[in-house]
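Summary of the model geometry
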Amino acid sequence: MPATVVIGAQWGDEGKGRVADWLAAQSDVVARYAGGDNAGHTVYVGDQVFKLHLIPSGILRDQAVCLLGNGTVINPVNMVKEMEGLRAAGVDVSPGRLLISTRAHIIAPAHIALDAAGEKARGADKIGTTLRGIGPAYTDKTNRSGLRAGQMADPEAFADALYKHTGAANERLVRDGNDPLDPQKSAEEYIDAAYKLKPYLADTSAYLNARLREGAVILCEGAQGTMLDIDHGDYPFVTSSSPTVGGALTGLGIGARWVDRVVGVAKAFSTRVGSGPFPTEVEGELAARLRGTGENFWDEFGTTTGRPRRCGWLDMLILKYARDVNGFTELVLTKLDVLSGLPEITIGVGYEIDGTILDGIPVTTADQMRVKPVYETLPGWDEPLGSARTWNDLPKAACAYIDRIAELLEIPVNTVSVGPERDQLVQR
Ligand code: IMP
């Protein structure tokens, strides 16, 4: 099993971190391929809770080498902070254990300011970004004016480049009525991080290919989700990278021949943070019930931003679309335990628009905003699921729900999570 890709099947926050943590136990290398510290992966190990934003969840499995591929965008200051937090918790984040692609792009202070300025300018039509500078960093990448992680090999020259980058961005910020940044401060903020990250720089594509040739098992850890993909998501309410399967190949520099397992991850219901279409969204008491109160770490509040997530029923058209775009070989269903106690479980199985029933998602985001879901209901179950450890421990109605999803998707659903702990993962 050379390379497995883990991909979110919805709008992010599906619980990919815990699934990656599970698969990382059998992997030699865990590689993040897209996005930056907009992601939030929460992993529970005993009584420790790790909130990872940029560093792969695999870092919590001692045998795995972890890396950030060329498709990622890196805020060096936040990366150093995350490393320090892990080090304080006893996790090995030494060079050699953790690698950073020289080709990854840098999130500069100006990118963060431009992200906020862009959202302000959009007003009511804002995307609801995480304000981490993701969009502007990828814009600079495709505009061929970005800074790359490899430049940190010469921290002084890197600081000069940042100084110039901030100066150039200031022209735009001021033109659009925003305060300029202090270029000197930007450079000073980053130079220290550059010195700290320099030993981690590597040609990660060459590293991965060498490891694949010698038979290593690689886990490609996705962030965000299919519906946030710059190409395949509901544009423009998307992130600026490719969380889908193609992004894993481009973002790591490995060939398609190595990938033989594509694991989709979906929550047993749906959530979304930020703006954009959400046909099966529910409101009021039911939304509050699915979201939780926020007292628990695993309630539906953003790991990165703390924003309450929008909640709704499972949408099979979204999952079928994600299956096709990514070629899922299987689906892992997370947070099944949250549905315990609901008298009925609802699944979105189709859309209706202008009197026509659709069996796939419409091409335009405007139409996706207008569709009305067609629902199917299944009986609920009362039993709490947290202590289930084998498939036989799951109530019949919960199994029927899982089986219906597998039937509609036509791929196996053989793994479900019933709580946040490592051992709360049940396999058929
Ligand atoms: P950005 O990636 O910060 O530019 O945000 C663009 C959109 O993607 C917004 O709707 C964010 O809420 C969403 N987003 C980005 N990263 C995540 C994530 O890790 N989980 C869920 N939503 C995300």
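The residue count restarts for each chain, going from 1 along the sequence in the order it is written. pLDDT decides what is reported in this predicted model: residues at 70 or higher carry local features, side-chain atom pairs at 80 or more are listed and counted, and totals for whole chains, interfaces and linings draw on all residues regardless. To get the side-chain values, take all heavy atoms of the structure and skip hydrogens and water.

1. Examining the pairing of strand S11 (residues 259-267)
Of all 9 residues in S11, 8 are buried; the element is thus mostly enclosed. Of the pairings in the sheet, the one linking strand S1 (residues 3-8) to S11 comprises 6 bridges and is parallel in character. Residue pairing for S11: threonine 4 is matched across the bridge by arginine 261. By the bridge criterion, 5 bridges tie S11 to strand S15 (residues 330-334) in an arrangement that is parallel. Considered in S15, the bridge of alanine 266 is made with leucine 333. When a residue's accessible area, from a 1.4 Å probe over protein chains only, is under 20% of the maximum for its type it is buried; when over 50% it is exposed; and in between it is partly exposed. Runs of E in the DSSP output that reach at least two residues are strands. Runs of H or I that reach at least four are helices, and both are numbered from the N terminus. Pairs of strands are assigned from DSSP output, requiring at least two bridges between the strands.

2. Regarding the nonpolar core
Ranked by internal contacts, the top residues of the largest apolar core, which has 65 residues, are Leu331, Leu333, Leu336, Leu339, Leu394 and Tyr401. No other element matches helix H12 (residues 396-409), which puts 9 residues into this core. Leu52, Leu60, Ala104 and Tyr190 belong to the second-largest nonpolar core, a separate cluster that totals 46 residues. The definition of a nonpolar core used throughout is a set of buried Ala, Val, Leu, Ile, Met, Phe, Trp, Tyr and Cys residues joined through side-chain atoms within 4.5 Å.

3. Some remarks on the packing of aromatic side chains
Think of it this way: a Phe, Tyr or Trp ring, Trp meaning its six-membered ring, pairs with another when their centres are within 6.5 Å, and the plane angle makes it stacked under 30 degrees, edge-to-face over 60, tilted otherwise. Counted by the stated rule, this structure contains 3 aromatic pairs. Centre to centre, the rings of tryptophan 11 and phenylalanine 278 are 5.0 Å apart; their planes meet at 45 degrees, and the pair counts as tilted. Linking tryptophan 11 in the loop between S1 and helix H1 (16-24) with phenylalanine 278 in the loop between strand S12 (270-272) and helix H9 (284-291), this pair joins segments that are 267 residues apart in sequence. Comparing tryptophan 11 with phenylalanine 278 shows no difference in burial state: the two are buried. Aromatic side chains tryptophan 381 and tyrosine 401 sit 6.3 Å apart centroid to centroid with 45 degrees between the ring planes, which places their arrangement in the tilted category. Of the two residues, tryptophan 381 is situated in the loop between strand S18 (372-379) and H12 and tyrosine 401 in helix H12; the sequence distance between them amounts to 20 residues. There is no split in this pair, since tryptophan 381 and tyrosine 401 are both buried. Remark: a charge is flagged as sitting over a ring if the NZ atom of Lys or the CZ atom of Arg is within 6 Å of the ring centre and within 35 degrees of the ring normal. Directly above the ring of tryptophan 258 sits arginine 257, whose terminal nitrogen or CZ lies 4.2 Å from the centroid.

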